[in-house]
Amino acid sequence: MTNYDIVIVGGGPAGLAAAVSARKAGVEKILILERDKELGGILNQCIHNGFGLHTFKEELTGPEYAYRFIEQVLDAKIEYKLNTMVMDISEDRVVTAMSREDGMYQIKAGAVILAMGCRERPRGALNIPGYRPAGIFSAGTAQRLVNIEGYMPGREVVILGSGDIGLIMARRMTLEGAKVKVVAELMPYSGGLKRNIVQCLDDFNIPLKLSHTVVDIEGKEHLTAVTIAAVDNKGKPIPGTEERYTCDTLLLSCGLIPENELSRNAGVEMSNITSGPIVNESLETNIPGVFACGNVLHVHDLVDYVSEEATRAGENAAKFINGQLKESNGEDIEIIATEGARYTVPSTINVDRMDDKLTVRFRVGAVFKNSYVSVYFDDERVMHNKKRIMAPGEMEQVILLKDKLAAKPDLKKITVKIEAE
């Protein structure tokens, strides 16, 4: 069994940033385990721009953004293994991995950082009547086919779901010569960033139909048409609102879900809302020395925030193996999301262990206009910030200051909520 100070599971943007951060914190023996044939993760197929405005103060494509971090990993001579699948992580941080070259082997880690990213939610087509003809793809699969493998999935396209990948693929397919006929979204709001709705749909005159879903698929061997219909407030199709579109391709963009089978099997406590681990202010899970960051923790809207969060995870993992991360003394403050706020990351704070300021990220459960993000220390309102618009597709945040929390030694809970006034 080999020994490493830190083992990072995943070589995407989160894993790379965490590795670079840990090395800067003085950790020597770091190993990145990546199941794909190259580092960079999902960014390798995201050839559109819009990445890096926060991190590098310039607009980059996905591969360019990834390579900035890959260069840092190479310059720092951080070890990594490609084509390697992590099979298990034990509670005492023994990582079992497997590859064609090395077979199955075990690594004893001083700390483990979970950075496996997320996958597409597959449920989009499950309740649609009809056969399962060729021509139905997840949006991410279509993105890989077009951008990396050079295949065109089809020429007449309908998209179900308005997540960011679906919106971006509406533009991408159009630029490649396909006709995108409609984007149907079950919810009364889009799941993607506002800028993607404007740049990918509005600029190309692609209609977005909110509160609509696919109710019928035609074609036996290959897709020939789909029918969409409006839905009521319970998500049930409304008779008489059906519209039929001939098409040879249906792309499903029905949301992303953190890739957490490995975390669950390791005994990591999970959130029912994010489907990611529950973490404290150090991004540490309930298993000491096991940290989580990036889309495996909760699905982010911007990769810049993934890198920022992963940098913190790397720093805190370094503190853990150096004995600088204090043991929690049971005085954790619970953070509660309610009244419009769906969840927060982190879920608990130990004031002794937090940095001078802490970014708490969350998402809202509906569209709010001219509302306030309010933060309560127990029953006292300490923050009340007006936001012109908040939507589920975009992440929100509040900043908590250590000195403000330390001034309230008896504080038991922090509440984040959305208020009308």
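Note that the coordinates shown come from a computational prediction; the quantities given were computed from them, not determined experimentally. (Residues numbered from 1 in each chain as written. Predicted model: local features only at pLDDT ≥ 70, side-chain atom pairs only at ≥ 80, totals over all residues. Heavy atoms only, no water.)

1. Side note on the pattern of salt bridges
Side-chain pairing between opposite charges can occur once the charged atoms of the two side chains come close.
Part 1 of the argument: Summed over all chains, the structure comprises 18 salt bridges.
Part 2 of the argument: Where Lys209 meets Glu243, a salt bridge forms, and the shortest distance between an N and an O atom there is 2.8 Å. Highlighted residues: Lys209 in strand β13 (residues 208-210) and Glu243 in strand β16 (residues 243-246), separated in sequence by 34 residues.
Part 3 of the argument: With a relative accessible area of 22%, Lys209 lands in the partly exposed category.
Part 4 of the argument: Salt bridges sharing partners connect three or more residues here, namely Arg35, Arg119, Glu259 and Glu261. (Salt bridge = Lys/Arg side-chain N within 4 Å of Asp/Glu carboxyl O. Helix = DSSP H or I, 4+ residues; strand = E, 2+ residues; numbered from the N terminus. Buried < 20%, exposed > 50% of the residue type's maximum accessible area, 1.4 Å probe, protein only.)

2. A short note on the sheet that holds strand β24 (residues 368-377)
Part 1 of the argument: Ordered by their spatial adjacency, five strands build an open sheet running β22-β20-β27-β24-β25, and the pairing between neighbours is mixed. At either end of the open sheet lies a strand with only one pairing partner, and these are β22 (348-349) and β25 (380-390). (Pairing = 2+ DSSP bridges.)

3. Re helix α4 (residues 164-175)
Part 1 of the argument: Taking 1.5 Å per residue, twelve residues should reach 16 Å; α4 reaches 17 Å between its end C-alpha atoms and fits that length.
Part 2 of the argument: Of all twelve residues in α4, nine are buried; the element is thus mostly enclosed.
Part 3 of the argument: When we look at burial in α4, the residues that qualify are Asp164, Gly166, Leu167, Ile168, Met169, Ala170, Arg171, Arg172 and Met173.
Part 4 of the argument: Tucked into the core, α4 has its buried residues touching α3 (139-149), β11 (156-160), β12 (179-185), α5 (194-201) and β17 (249-252).
Part 5 of the argument: Of the residues trailing α4, Gly177 is marked for its positive phi of about 105°. (Expected span 1.5 Å × (residues − 1). Contact = heavy atoms within 4.5 Å.)

4. Here we look at the packing of aromatic side chains
Part 1 of the argument: On inspection of all chains with the given rule, the structure shows four aromatic pairs.
Part 2 of the argument: Here the aromatic rings of Tyr65 and Phe69 are separated by 5.6 Å at their centres, their planes lie at 45°, and the arrangement is tilted. In this pair, Tyr65 and Phe69 are both assigned in helix α2 (residues 62-75), four residues apart and thus about one turn of the helix distant.
Part 3 of the argument: Overall, the relative accessible area of 7% leaves Phe69 in the buried class.
Part 4 of the argument: Within the aromatic cluster, the residues linked to one another by ring pairs are Phe56, Tyr65 and Phe69.
Part 5 of the argument: Here the basic side chain of Lys417 rests over the ring of Tyr376, its NZ or CZ set 4.6 Å away from the ring centre. (Phe/Tyr/Trp six-rings, centres within 6.5 Å; stacked < 30°, edge-to-face > 60°. Lys NZ or Arg CZ within 6 Å of the ring centre and 35° of its normal.)

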